[in-house]
Structure formats: C-alpha cells, structure tokens
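Secondary and tertiary structure notes
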Amino acid sequence: MNITTIKNHADVGNLNLAEISPEQLPRSTYHAILQSAKNFGDATAIEYILDGDCISEAQIPFAKKLIHRILMTFKGKSFANPHRKMSYKALANNVTGLGNALHSLGITKTDVTSLVLPNFPETYVSLWAAEAAGIANPINPLLDESIMKEIMISANTKVIIALGPVPGSDIWQKVMAIKEHIPGLKAVISLFGDDIACSQNNKVPVYGFKKLLAAQSTQAANFTLPEQNDVCAYFHTGGTTGLPKLAKHLHLNQLTNAGQVNLLSPVNAGDTMLVGLPIFHVNAAVATGIASLMKGCKILLASPSGFRGKNIIQNLLTLINNYDVAVMTAVPTVYAAMVEQITSQKISVPPLKMKFAICGAAPLSSDLQTLFTKLTNTPLVEGYGSTEGSSVSTLMPVNPINKEASVGLPIPGITLKIADINEQGTLVKICDTLDVGEIIITGNNVFPGYVEDAHNQGAWVVDENGQQYFRTGDLGKIDESGYVSLCGRQKELIIRGGHNIDPKMIEDAATSHPDVTLAAAVPRPDSYAGEVPVLYVTLSPHSTLKLDDLTAYVSANIPERAAIPKAIYIIDEIPLTAVGKIYKPELVCLEIKQTITETLSEQLINKTVQINVFADKKLGIKATILVNEDELNALQQQIKTLLTPYSFNYEVLALKTTEAA
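Not measured: the values here are computed from a predicted model. (Residues numbered from 1 in each chain as written. Predicted model: local features only at pLDDT ≥ 70, side-chain atom pairs only at ≥ 80, totals over all residues. Heavy atoms only, no water.)

A word on the packing of aromatic side chains
Summed over all chains, the structure comprises 14 aromatic pairs. A ring pair is formed by Tyr124 and Trp128, whose centres lie 4.7 Å apart and whose planes are at 10°; its orientation type is stacked. Taken together, the residues span about one helical turn, with Tyr124 and Trp128 both in helix H5 (residues 121-133) at a distance of 4 residues. Each member of the pair Tyr124 and Trp128 is classed as buried. What links up through ring pairs into an aromatic cluster is the set Tyr48, Phe79, Phe120 and Phe192. (Phe/Tyr/Trp six-rings, centres within 6.5 Å; stacked < 30°, edge-to-face > 60°. Helix = DSSP H or I, 4+ residues; strand = E, 2+ residues; numbered from the N terminus. Buried < 20%, exposed > 50% of the residue type's maximum accessible area, 1.4 Å probe, protein only.)

Digging into helix H12 (residues 332-344)
Note that an α-helix has 3.6 residues per turn; residues three or four places apart therefore point the same way. Helix length check: H12, at 13 residues, gives a terminal C-alpha distance of 18 Å against a target of 18 Å (1.5 Å per residue), a fit within 8%. In terms of burial, H12 is largely enclosed, as 10 of its 13 residues are buried. Pro332, Thr333, Val334, Tyr335, Ala336, Ala337, Met338, Val339, Gln341 and Ile342 are the residues of H12 that are buried. Contacts from the buried residues of H12 go to helix H11 (316-322), strand E12 (325-330), strand E13 (356-359), helix H13 (366-376), strand E14 (380-384) and strand E27 (530-539). (Expected span 1.5 Å × (residues − 1). Contact = heavy atoms within 4.5 Å.)

A closer look at the pattern of salt bridges
Taken as a whole and assessed by the stated rule, the structure comprises 21 salt bridges. Between Asp230 and Lys109 there is a salt bridge whose closest N-O contact spans 3.1 Å. Of this pair, Asp230 sits in the loop between helix H8 (209-214) and strand E8 (231-237) while Lys109 sits in the loop between helix H4 (88-104) and strand E3 (112-116), and the two are 121 residues apart along the sequence. Take Asp230: its relative accessible area is 17%, and that puts it in the buried class. Salt-bridge contacts for Arg471 lead to Glu438; the nearest nitrogen and oxygen are separated by 2.8 Å. You can see Arg471 sitting in strand E22 (residues 468-478) and its partner Glu438 sitting in strand E19 (residues 437-442), a full 33 residues away along the chain. In the salt-bridge network here, residues are joined through shared partners; they are Asp51, Asp53, Lys64 and Lys310. (Salt bridge = Lys/Arg side-chain N within 4 Å of Asp/Glu carboxyl O.)

Some remarks on the pairing of E27
Each regular strand displays side chains that alternate between the two surfaces of the sheet. Within E27, 9 of the 10 residues are buried, leaving the element largely enclosed by the surrounding structure. Sheet analysis places strand E26 (residues 516-526) next to E27, joined by 10 bridges and oriented antiparallel. When the sheet's bridge partners are listed, Asp526 is paired in E27 with Gly530. Two successive antiparallel strands, E26 and E27, enclose a turn made up of 3 residues. Pairing analysis gives 4 bridges linking E27 to strand E28 (residues 567-570), with the strands arranged parallel. By the bridge assignment, Tyr536 is partnered in E28 with Tyr569. (Pairing = 2+ DSSP bridges.)

Describing the pairing of E22
Counted residue by residue, E22 has 10 buried out of 11 residues, so it is predominantly covered. Bridge count between E19 and E22: 4 bridges; the pairing is antiparallel. Counterpart to Ile440 in the pairing with E22 is Arg471. Bridge analysis of strand E21 (residues 460-462) against E22 gives 3 bridges, and the strand direction is antiparallel. Note that in E22 the partner of Val461 across the bridge is Tyr469. Turn length for the E21-E22 hairpin, with the two strands adjacent in sequence and antiparallel, is 5 residues, and the turn residue Gly466 shows positive phi of about 85°.

Describing the packing of helix H2 (residues 29-40) against H4
Look at H2 against H4: their axes get within 8 Å of each other, and the N-to-C directions meet at 150°. When the axis of H2 is compared with that of H4, the two are roughly antiparallel. The two elements H2 and H4 meet at a crossing, and its hand is left-handed. Contacts between H2 and H4 pair Tyr30, Ile33, Leu34, Ser36, Ala37 and Phe40 from the former with Tyr88, Lys89, Leu91, Ala92, Val95 and Thr96 from the latter. Tallied by class, the residues present in the contact of H2 with H4 amount to 9 nonpolar, 2 polar and 1 charged. (Axes fitted to C-alpha atoms, helices over the stretch in contact; angles between N-to-C directions. Parallel < 35°, antiparallel > 145°, perpendicular 65-115°, else oblique. Left-handed = near helix turned anticlockwise from the far one by under 90°. Nonpolar A, V, L, I, M, F, W, Y, C, P; charged D, E, K, R; others polar.)

Observations concerning the sheet that holds strand E31 (residues 649-655)
The strands that make up a sheet pair up through hydrogen bonds in the backbone, lying either parallel or antiparallel. Spatial strand order, E29-E30-E31: 3 strands in an open sheet with mixed pairing. On the outer flanks of this sheet lie strand E29 (609-616) and E31, each paired with one strand and no other. The average undirected angle you get between the axes of adjacent strands in this sheet is 25°. Here E29 pairs with strand E30 (residues 620-628) via 8 bridges, running antiparallel. Bridged to Ile611 within E30 is Ile625.

Let's talk about the side chain of Asn2
Looking at where Asn2 falls in the secondary structure, it is placed in the segment before helix H1 (9-13). At a separation of 2.4 Å, a polar atom in the side chain of Asn2 contacts the side chain of Thr4. Excluding anything up to four places from it in sequence, Asn2 contacts Leu263, Leu264, Ser265 and Pro266. (Polar contact = N/O pair within 3.5 Å; in protein donor to acceptor, adjacent residues only side chain to side chain.)

What about the sheet that holds E27?
Reading across the sheet, the 3 strands line up as E26-E27-E28 and stay open at both edges, with mixed pairing between neighbours. Either end of the sheet is taken by a strand with one partner, and the two such strands are E26 and E28. Strand-to-strand twist across the sheet, computed as the mean angle between neighbouring axes with direction ignored, equals 25°. Helix H16 (residues 584-601) rests against E26, E27 and E28 of the sheet, and its axis sits at about 45° to E26.

Shown next as structure tokens:
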C-alpha cells in the first residue's frame, strides 16, 4: 500500500509504522549511506548533467565535451564536466574521506560546516560529510554576502565549503569578502579551486576540495561516529524577526522523515528521482536526497542551478523520458512553465514514464494540477511541509477522495492537529472536523528547536496531556477522511517560487528612510512565481518624497534580490488592529482583488462582474466573483481558465437581479 492505493487516514495508519521506529532506522544519515553502499554497491547513486542540452548520456553536445577536456588538460578543472555518475560505493567513500578532512581541520561533533554550493554531486557529498563529522549548515548561494555572514556568525561556523572561482558565479567573491569576518572560522574549502596559503591578507587558509579529499583515507572514519539524537544540520528558514532563523535537525528527524516518505512512495531501488530544487532546501536534502539513497534510487541532478539551469525547463519532458525519471518534485512555477510550453507550442507530449510528480514549497492551484495531469497523463500530487518538520508533513494520494482543495493526508508517524490558540499562545482546544485553526505538529520528524532561543518563544504549545507541538503558523482544517486543507497563513512569509521571503527585511529597508512612518510588505498573487512582494507605506505629514526615489532607496537597501518589491504604494493610512498592530489581511485582500480584476477585465469586457475578497476566521481569505445569473454557466469555465495559474481560494456565484440593480 502506498500513495497510489491509499484513500484515507485509516489507510495511512495501516502502514507498517515499525519501519520508521528509531530501532529500525539507521544510527545516523552517515550510517544510512554506508548501509546503502553495502546494499547497492556499484549501482549509480547520483547522475549529474550540466544543463538541459545534455538530453541523454548518449547525446552530450560535442562542444561541451571539448570545453571540459580543454579545461581538464590545461587547468585541471572539472567544473565544466557535462555528465557524471557516482556509484553508491564511491559516494560512501567520498563522504567518509571528506568527513575525515573536516575532522583534520578541527571539526568535532558539535562544530558547524557551512556550505555555499550550487547543485553538484560534491554538494551532496559535502552535506552528508558535514553531518557525519559534525553539523552541516547549507546556505542559499544567491543570498547577499551580508546575510551569509549573519547566518555563519549565528551558526558559529568553523569551516566553509564553497564553490571556487568559477566563471559566471559570484559565490567565491562573496565568501572571500566575508571569511575574515567570521569569528572562529578555521578554514575554507574551495570546490574546483586551489590551495591559498595563509598571509597577512588571508588569515583563514583555503584548501582545494579535490586535493584535500585525495589526501584522506576513504575506507574508515577518523571522526566520532554520530548517533540519532545528535544535531546533524542547521537549515536557515524564513524568519519574521530580522535575525537569521536556524532550525536544528537531529539525525533522527531526517531519517524519520525520509522513512515516512519512503513508506508512502511507490518507487523501487534503481528508479530515478529527478532533483531540480536546491540542495540547501530541506526537500532536496531530505525528502528527495537521503530518502532516495535509503531506497536505493538514482538521483538525477538537473544542472548546478536546478530547474533554473540553461534549457532545463525547455527540454524537461525529453529529459524525463530519456533518463527514465520515475518521480520528480518541483514548485508550482516549474509545472506552470511546462503547461505553458505544451499549450503555447502545441507540443505533442509522449507518454511519460513517471509514476507521479510532486508539488511542494508553495501553494498549488487545483486547476493547474488538473491541467498538468491531463496534458502529461502523469498524476501531480501536492505535499505540505516545513523545515521544522524536516521536509514533508502531508502528501496527497494519487486517487484522492477529498471534496475540497487539499494538500493531502498527514504522513505516517506524524501527529498533525488543528488547534484553537489564543493571543497569549495557549492551546484552547483541538478543533472539530472542518473547523479552521492553526496547524500544529509533533513526531520524530519534528525538529527540537531553533539555534537562537529567542526564536523558540511562542513557537510551541502543550496539550492537556503535556505533549508539545510545534506551531506551523499555517491555518488549516481537516475533513472527515483526514485530508488537510490550507486556509491561509498566520506567519507572514511571502513565498516566491518556493523561496521564503521575510517581509520584515523589506519593511526594515523602507522604514530606515526618515520620511517613512509605517511599512507593510504583503504577497501579491503571481501567475508564474505564485507570490511576489509588494509594499505599502505611509509617509510623515510634510514629506515630499517621490515614489521613484522611495523605490530606488528601498531596492538599494534590501540585501536579497528576490525580496525587492514589485510595486510600492504610498497610502494615507495602513489598516491597524484594535491594539494598534498592522492588519495585513486587509492589504492581502486588496492585492487579490486587484489581481482578479486585472486578469478578468481584458477578457470579460461588457460583462457585469463584482469581486469581493474578505478575510474570515473560519475560511481564511476567500474571493467571491459575482456574475449575472443568466451568464453564470457560460462564464464559470472562462473564469476558471483565466484564474488557473493562481492558488487563492475563490468561488463564482450568480449575481441576483437586485444586487445587479
């Protein structure tokens, strides 16, 4: 039984939960890799392609092979290698060797290695070696160097593994700019780079990855072997306090979540898992990373930039078939781009060999889900999860029986409830079926807390039996079959293409201008990215600040490109609650209403359409689109087609004659 046959929560409960008990799971992620090397030996663990033009192992463009050979021959650099494979045995040896290297540089069980790397096979090696010898801290390589520095200082980083000086990347420049400013930093390891000896201007030594690894024993660990209850990773996640928010993972957390995913998955040893999400994200690290290895699958790494890589999206259907991909996980933007490509170019889609596709990290439109499945004949199922839950908390069955839009059933071994929590952060009661409340979770996959204790304040609630639950900050409800539906967010994160943006970062940049009195950053629905940030501000009474000047100022002061607002509105008054806090739902409603109005206005000329968007404690944020009663049937499908790219909750209803008048 798996997600192809499961129908309801009772079916999930009938799975063999003993398989994900601590007693049955490996001692650590390192032990899981050693066990898989023993079980699967020379089978391919990781296959890698440089970009989407490498459409099969037998069809690698000659020019790419030539460039790789020239760089290897004259410079000894392998970053341009267009296609590579790494066996399970080689992966285990590399992880052991790099773990030994980290140990030789002073990394112990409680020391942190930060990783600033795109998606290479060495990125997985670095992640699992850092977890084996101590604590891994994967960092988004696209972040501004000032944020990277803050994360590393918060993590108390001892070693950095970063992409070296490679054309087209600014990662090395950013790392070199901050490395002397990280207290306690002992070394930097340069992937595809060379040794740089210590000097007056280079107090922290740099070691070339390849040379350092070659000097180590790869057969036996010199480091202290990790155990299930040791901390293995710090993942940075979107915080709303302005400080880097680092979630601690235990080996048990990651192993449990990997086991939970594998209990539900119909994939078998030898099947291919396409990984196009960044490895610094928990999905690629845990749900499609260590989980795939424990199952004996082959990971296909689709370019250093993942789905953003050159021609990956354009050739994705071909890549899926040529590399025999069984499962892929992506964000809605990837599936939207595939649908757009198929429909606009009128592509005849060959029957895909995929068993199913998974969407996560951002809300999926049910219309997009239906359209993708219809066009590709591949089930697209949605999952829901968080860094704090290691990755996955719910997963949608392939043949669901839910009546409303849903993110699926809670995975085996997690306790997920809907709670009524008061303003003091106390759990008042567990909600009844279909009642909306905050989603709370507990289980062996749920993290033990954040590195900075300030972030743990208010993050947990305790029930009447003394059981502690993590507050996800998401609003939801559960139906009679156990399906979880999302009804909005209490936490204020803006999710752009699966990337979490902290609105406080935007608001702080705005309010640092002397003329700005209040600022509120909220999400605007976007047909491609899911959400983009927009900013509302009020100015001091006698300000003469122009919008163009404010826009330039805010853009220059936001350290993360993805967080730069798509629009800024200067308004007279920002909505406030009775106690004087900014009330963002009203602004979110405005953005949804404007998006619907703009999307429908061009196509529904001379049609009577009324749009109402409201925030409701029971329903979350919902839109109603009212049309003339005699046009309801004709317009319903047209409106549905136009709003397919968006994930907000809406309903098309008849406008009564009296209302129209």
